[in-house]
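The lines below spell out each chain.
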Amino acid sequence: MTTMTDTSNAARFREFKMPDVGEGLTEAEILKWFVQPGDTVTDGQVVCEVETAKAAVELPIPFDGVVHELRFPEGTTVDVGQVIIAVDVAPGSGDDAPAAAEPAPEPAPAAEPDGEAPKGRTPVLVGYGVAESSTKRRARKGTEAAPAAASAAIQGEMNGHGPAAVPEARPLAKPPVRKLAKDLGIDLATVTPTGEGGVITREDVHAAATPTPAPAAPVQTETPVAAPAAPAPVASGARETRIPVKGVRKAIAQAMVGSAFTAPHVTEFVTVDVTRTMKLVAELKEDKDMAGVRVNPLLIIAKALLVAIKRNPEVNAAWDEANQEIVQKHYVNLGIAAATPRGLIVPNIKDAHEQTLPQLAASLGELVSTAREGKTSPAAMAGGTVTITNVGVFGVDTGTPILNPGESAILAVGAIKLQPWVHKGKVKPRQVTTLALSFDHRLVDGELGSKVLADVAAILEQPKRLITWA
């Protein structure tokens, strides 16, 4: 009897799902909503900002209408494919709620776990079957009484023991959340759920893993005897702080572990006199052809690396494990490691080998400013071939950088310092730095890696080689 109503609602209310804004990303955190229920939106209007494992991205809505519902609050991590916003595309006509949200108005206080459930589309929680569990999942989305098993599970999680009447009740959580709890050593039965229908979320697990201050009500019910005085200073977090690993930090961790334990790293070092390079930088800053762009040592170092790759093209390659092939790249997408408030990211300059010095300077400036603003797109971080990391800006002499996954080499640049140096047979103060080149030994032999590093050093020592070698 509700078929026509459900059909009209389905046509009237359109849902926007969390898209895959990167390359195979599975989730994203909603950082900020730019709209609220009742706001009018137009096709292409940005409605929210989300943070993926790679970057912060603004999401535009693909249709016109009036915002009916925001399905998730800010700070929530949402799986790709989940509905995040419902929009009324025909305001002023028909019912006031979409079919997916209809359980709330229906008076069903007597509904039992085994009773009839609405016949509409029923979301299924992965890991709980389809037939009976889907009925329970549908009922939980409304405001009517939850199934007895779910209520018992929530009660058990609240008091830390679980009711004796339903010991078989299983806490409701998605497989990734269960894995997270297992990794952190958290018993899901002790976690207080905050998701719809009593579903345990990632945030719930992280909250359970973090010492909770004594004033919090749920903790007082768990430890009624020990809570009064002694635990308060310990729970304040003065001695340690737990930070959820997600977003960019999670991506960095996975990428670095994967790279370090997949590609056999070799790192070579060279210390070089860059006094002439520093003089060239000073001269370029006064050059009218470089007006409007930022000129710094990183620009010359980047150009030196590009020339070294041109002289030793075999270094610009990738390892194809599946096909057991070495893939030679005939282009250079030059990555620049950038420290941002959200963590380390490595955007790259596409086809950097084709750019002139002024063009390369402009690209570097745009890349860095975009990264600092947190606006780097996932596409800007994909497809890199080699990378430069400038640890010298932190006063560090050198390091042993880890390869960006899928790349063959990474050049670390240390701090440029005034040091005593033998120049033309005399000890003089000179501008000196140390370079470190890490490379994948499956692709790059010691001889090839040494040639690349030596070429970069030679160019920085005699910048005129940028002309003679290019």
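## Thoughts on the overall build of the chain
Okay, step 1: Assigned secondary structure in the chain consists of 13 helices and 19 strands.
Okay, step 2: In the form shown here, the chain has an accessible surface area of approximately 24,400 Å², with 57% of it arising from carbon and sulfur atoms.

## Topic: the packing of aromatic side chains
Okay, step 1: Under the criterion given, the structure shown has zero aromatic pairs.
Okay, step 2: A cation sits over an aromatic face here: R311 above W469, 3.8 Å from the ring centre.

## Points about the side chain of T433
Okay, step 1: Along the chain, the position of T433 falls in strand 19 (residues 426–440).
Okay, step 2: Of the polar contacts made by the side chain of T433, one reaches the backbone oxygen of A415; its length is 3.3 Å.
Okay, step 3: Those residues in contact with T433 that lie beyond four places of it in its chain are V270, T271, V272, V274, V413, G414, A415 and I416.

## Examining the nonpolar core
Okay, step 1: Judged by nonpolar contacts, the single largest core of 48 residues is most densely connected at L305, L334, I388, L411 and L435.
Okay, step 2: Of all the secondary-structure elements, those providing two or more residues to this core are helix 9 (275–285), helix 10 (297–311), strand 12 (334–336), helix 11 (357–372), strand 16 (386–390), strand 17 (409–413), strand 19 and helix 12 (446–461).
Okay, step 3: Residue contributions to this core peak at eleven residues, all from helix 10.
Okay, step 4: Discounting residues that sit within four places of it in the chain, L334 has contacts with A302, L305, L306, P347, N348, I349, A352, V386 and I388.
Okay, step 5: V57, L59, V67 and F72 belong to the second largest nonpolar core, which has 21 residues in total.

## Observations concerning the sheet that holds strand 4 (residues 46–51)
Okay, step 1: In spatial order, the strands read 5-4-2-7; together these four strands make up an open sheet with antiparallel pairing. Among the strands making up the open sheet, the edge pair consists of strand 5 (56–60) and strand 7 (77–79). Between one strand axis and the next, the sheet turns through 40° on average, direction left out of account.
Okay, step 2: Direction of pairing for strand 4 relative to strand 5: antiparallel, over a ladder of five bridges. Following the sheet pairing, E49 is matched in strand 5 by E58.

## A word on unusual backbone geometry
Backbone geometry follows two general trends: most residues other than glycine have a negative phi, and most peptide bonds adopt the trans configuration.
Okay, step 1: The residue Q324 is not glycine, and still its phi comes out positive at about 55°.
Okay, step 2: Tracing the sequence through the fold places Q324 in the loop between strand 10 (317–320) and strand 11 (325–328).
Okay, step 3: Using a relative accessible area of 53% as the deciding quantity, one classes Q324 as exposed.
Okay, step 4: You will see that K424, though not glycine, has its phi angle at about 55°, which is positive.
Okay, step 5: Position of K424 relative to the elements: it lies in the loop between strand 18 (417–423) and strand 19.
Okay, step 6: Among the residues examined, K424 registers a relative accessible area of 70% and is labelled exposed.

## With respect to a nonpolar patch on the surface
Okay, step 1: A contiguous nonpolar surface patch, about 300 Å² in accessible area, is contributed by V393, F394 and V396.
Okay, step 2: Structurally, V393 can be placed in the loop between strand 16 and strand 17.
Okay, step 3: Given the relative accessible area of 57%, V393 is considered exposed.

## Overview of the pattern of salt bridges
Side-chain pairs of opposite charge can arise whenever the charged atoms involved come near each other.
Okay, step 1: Tallied over the entire structure, the rule returns eleven salt bridges.
Okay, step 2: Taking the shortest distance from any N to any O, the salt bridge between K375 and E58 comes out at 3.5 Å. With K375 in the loop between helix 11 and strand 16 and E58 in strand 5, this residue pair connects regions lying 317 residues apart in the sequence.
Okay, step 3: Residue classification places K375 among the partly exposed positions, given a relative accessible area of 42%.

## Here's the deal with the pairing of strand 2 (residues 27–33)
Okay, step 1: Judged by how many residues are buried, strand 2 sits mostly within the fold: five of seven residues are covered.
Okay, step 2: Looking at chain direction, strand 2 and strand 7 are connected through three bridges and run antiparallel. Paired with E27 across the two strands is D79, which belongs to strand 7.
Okay, step 3: Two strands pair when backbone bridges link them, and strand 2 and strand 4 are joined in this way by four bridges, in the antiparallel orientation. Looking at strand 4, one finds that E29 is bridged to E51.

## Digging into helix 11
Okay, step 1: With 16 residues, helix 11 extends 23 Å between its outermost C-alpha atoms, agreeing within 8% with the 22 Å of an ideal straight helix rising 1.5 Å per residue.
Okay, step 2: All of the buried residues along helix 11 are L357, L360, A361, S363, L364, L367, V368 and A371. When helix 11 is viewed along its axis, its buried side chains cluster within an angular range of 165° and face the same direction.
Okay, step 3: As for helix 11, its buried residues are in contact with helix 9, helix 10, strand 12, strand 13 (338–340), strand 14 (343–345) and strand 15 (348–349).

## So, the pairing of strand 10
Okay, step 1: With four bridges connecting them, strand 10 and strand 11 associate as antiparallel partners. The partner of A318 across the bridge, within strand 11, is V327.
Okay, step 2: Taking the residues that link successive antiparallel strands as the turn, the strand 10-strand 11 hairpin has four residues, and the phi of Q324 there is positive, at about 55°.

## So, the sheet that holds strand 8 (residues 83–88)
Okay, step 1: Taken in spatial order, the four strands make up an open sheet running 1-8-6-3, and their pairing is antiparallel. Each edge of the open sheet carries a strand with a single partner, namely strand 1 (13–17) and strand 3 (40–41).
Okay, step 2: Pairing of strand 3 with strand 6 (residues 65–70) involves two bridges; the strand directions are antiparallel. Counterpart to T40 in the pairing with strand 6 is V66.

## Notes on the packing of helix 10 against helix 11
Okay, step 1: Helix 11 packs onto helix 10 with a crossing angle of 120° between their chain directions and a minimal axis gap of 10 Å. Taken together, helix 10 and helix 11 sit at an angle that is classed as oblique. Considering only the axes of helix 10 and helix 11, their crossing is right-handed. Contacts between helix 10 and helix 11 involve L298, L299, A302, K303 and L306 from the former and L357, L360, A361 and L364 from the latter.

What counts as what
Residues numbered from 1 in each chain as written. Predicted model: local features only at pLDDT ≥ 70, side-chain atom pairs only at ≥ 80, totals over all residues. Heavy atoms only, no water. Helix = DSSP H or I, 4+ residues; strand = E, 2+ residues; numbered from the N terminus. Areas by Shrake-Rupley, 256 points an atom, 1.4 Å probe, with all protein chains shown as cover. Phe/Tyr/Trp six-rings, centres within 6.5 Å; stacked < 30°, edge-to-face > 60°. Lys NZ or Arg CZ within 6 Å of the ring centre and 35° of its normal. Polar contact = N/O pair within 3.5 Å; in protein donor to acceptor, adjacent residues only side chain to side chain. Contact = heavy atoms within 4.5 Å. Core = buried A, V, L, I, M, F, W, Y, C linked by side-chain atoms within 4.5 Å. Buried < 20%, exposed > 50% of the residue type's maximum accessible area, 1.4 Å probe, protein only. Pairing = 2+ DSSP bridges. Axes fitted to C-alpha atoms, helices over the stretch in contact; angles between N-to-C directions. Patch = residues over 30% accessible without salt bridge, like charges linked within 9 Å, V, L, I, M, F, W, Y side chains within 5 Å. Salt bridge = Lys/Arg side-chain N within 4 Å of Asp/Glu carboxyl O. Expected span 1.5 Å × (residues − 1). Arc of directions from axis to C-beta. Parallel < 35°, antiparallel > 145°, perpendicular 65-115°, else oblique. Left-handed = near helix turned anticlockwise from the far one by under 90°.

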